[in-house]
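Each chain, letter by letter, is given below.
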Amino acid sequence: MKQKDQFDNLEKHTQWGIDVLEKFIKFVKERTEIELSYAKQLRNLSKKYQPKKNSREEEEYRYTSARAFLATLNEMNDYAGQHEVISENMTSLITGELTRYVQELKQERKSHFHDGRKAQQHIETCWKQLEASKRRFERDCKEADRAQQYFEKMDADINVTKADVEKARQQAQLRHQMAEDSKAEYSSTLQKFNSEQHDHYYTHIPHIFQKIQEMEERRIVRIGESMKTFAEVDRQVIPIIGKCLDEITKAAESIDHKNDSQLVIEAFKSGFEPPGDVDFEDFTQPMKRTVSESSLSNSRGDGKSEPKFGGKSKGKLWPFIKKNKSPKQQKEPLSHRFNEFMTSKPKIHCFRSLKRGGAGPEDFSNLPPEQRRKKLQQKVDELNRDIQKEMDQRDALTKMKDVYIKNPQMGDAASVDHRLAELGQNIEKLRLEVQKFEGWLAEVEGRLSMRSEARRQSGLYEAQNPSAVNSCAQDRESPDGSYTEEQSQETEMKVPATDFDDEFDDEEPLPTIGTCKALYTFEGQNEGTISVAEGEMLYVIEEDKGDGWTRIRRNEDEEGYVPTSYVEVYLDKNAKGAMTYI
């Protein structure tokens, strides 16, 4: 019974060991699920904040801080991948292996305890046989003793016949023989039981216990190795995770605040000149002139002989801007005109600024000069890329056509002619668009360079002639307090030129440089254009700058642009200074 109790205890303990192993497997499974969930959430988080294609966010990644953030998102994606690796390795190296081992362990445990129970049952059976043999021997001994006593009683009784005594004697002898046989059987059974019991306790049971012990020790070693693997799986990805974190640190260190600030400046630089200083206007009393009329006239004459560094270049006029100012405009103080300019909407002076479905002018003339230059450059680059794509398609079709010509069985060479013609037309249209936008770009870049030069010369003039600038500022008002036209002209030397000079400055008309004949009738319905009739002769005042338009004049009040392809131009170099009209 004690041995049976030990088997029960061992059975409970080994079952507890298996339960511990299965509990560890369940723990690792939940860990792998957490790792997968964490990796998935990290990937979704990284994807959520990735820049959308063809969106404003892509432009923001020009800045180093935004690029660093993008690098962080990419590294977090790799970081998530390492957690997926952890989950995969734990599943294959721990969960899968231990699950198979638990099944084998259960089978081995079942086998060992089956052998133990079998040995226990065998020894119990031997014991029962011994007990039965012992009881039989004891019974036969008692029966033999009773038979002997009966025989002796019968033999002593004189009344009993000799036959009855003989019968009692034979019965006593039989019982004695049966007792001797039982004794011999009991002795043999006892000897056999002792041998079986010795083998049971010294051979079979120790062997079974040894196997159970080895099984349990293997289980303990296996769970220890699995725990080491559990830690090693994490340790293997630490270098890669460290590299991800190092890359994030490197991206953060690559942030250049100076570069980002410069990008902002370049992105939003307008190219407008800042307004000049606003002069003090004293309305309490009329200003007393400190110079005479003759000295004022002389100073005006001297001022006109000096170049107007701050004035606008007379090389090109905006079309159809009236140059004659009304008396009210001539008397209006400069401050009023400046305020009107600052509060009014920008005007579009060129016929090229046509609205395209409410998306803004095609030539971006509604933008500040610097922004307009960038937009035009982007448009030129975009058109050039489109041209390259079309040319690549054309080259591919041309090669295909050559293959069809050499191998007619592969296809009909004429089948690609229509597509080749379409590509040629598309390329020609795109080239014309490029020429148009390059013309506008050259015009803007020319104006920006002219303004920069004028600003430099204006600053140099003020530094060299401070007294002349001061005298102009002092003599702006007439005795009645109103501003004069000369005051506006003198201010040109001080105030840098801006886009609103086109409204306020009197500009001389451009000289004719040749004549032209209209080949076709042109309606000229857009602002900045002029209508011409077929066969009409007109004067050329500005050549085609590459944008497909020529500037012509009909008479003193009528001038504008016409398509270059609509006229036949005859340039006369000797007639550049002529100012004649039809």
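Residues numbered from 1 in each chain as written. Predicted model: local features only at pLDDT ≥ 70, side-chain atom pairs only at ≥ 80, totals over all residues. Heavy atoms only, no water.

Caption draft 1: Highlighting the overall build of the protein chain. Looking only at helices and strands, the protein chain has 13 helices and five strands in total. Going through the 582 residues of the protein chain one by one, you find that 32% of them count as buried. (Helix = DSSP H or I, 4+ residues; strand = E, 2+ residues; numbered from the N terminus. Buried < 20%, exposed > 50% of the residue type's maximum accessible area, 1.4 Å probe, protein only.)

Caption draft 2: Structural view of the pattern of salt bridges. What the rule picks out here adds up to 25 salt bridges. For R117, the salt bridge is made with E11, and the minimal N-O distance between the two is 2.5 Å. Of this pair, R117 sits in helix α3 (residues 64–156) while E11 sits in helix α1 (residues 2–48); the two residues are 106 residues apart in sequence, bridging distant segments of the chain. What you see here is one network of salt bridges that share partners, running through E542, R551, R553 and E559. (Salt bridge = Lys/Arg side-chain N within 4 Å of Asp/Glu carboxyl O.)

Caption draft 3: Quick peek at the confidence of the model for the protein chain. Within the protein chain, residue pLDDT values average 77, and 72% of them lie at 70 or more. Here residues 576–582 scores under 50 on pLDDT; set against residues more than four positions off or in separate chains, the count is 21 contacts. (pLDDT = per-residue confidence, 0-100. Contact = heavy atoms within 4.5 Å.)

Caption draft 4: Looking closely at the side chain of R219. Inspection of the secondary structure puts R219 in helix α4 (residues 162–253). The class of R219 is buried, set by a relative accessible area of 5%. When neighbours within four sequence positions are excluded, R219 is seen to be in contact with W16, G17, I18, V20, L21, Y101 and L105.

Caption draft 5: Representation of the sheet that holds strand β4 (residues 558–563) within the structure. The strand order β4-β3-β2-β1-β5 describes an open sheet built from five strands, whose pairing is antiparallel. The sheet is open, and its two edges are formed by β4 and β5 (567–571), each paired on a single side. Neighbouring strand axes in the sheet, compared pairwise and without regard to direction, differ in orientation by 40 degrees on average. Of the pairings in the sheet, the one linking strand β1 (residues 514–518) to strand β2 (residues 537–542) comprises four bridges and is antiparallel in character. Along β2, the bridge assignment pairs G514 with V540. (Pairing = 2+ DSSP bridges. Axes fitted to C-alpha atoms, helices over the stretch in contact; angles between N-to-C directions.)

Caption draft 6: Structural view of α3. Here α3 is 93 residues long and its end C-alpha atoms lie 134 Å apart, about the 138 Å a rise of 1.5 Å per residue gives. Taken as a whole, α3 carries its principal kink of about 35 degrees at T91. (Expected span 1.5 Å × (residues − 1). Bend = angle between axes of the 7 residues up to and from the residue.)

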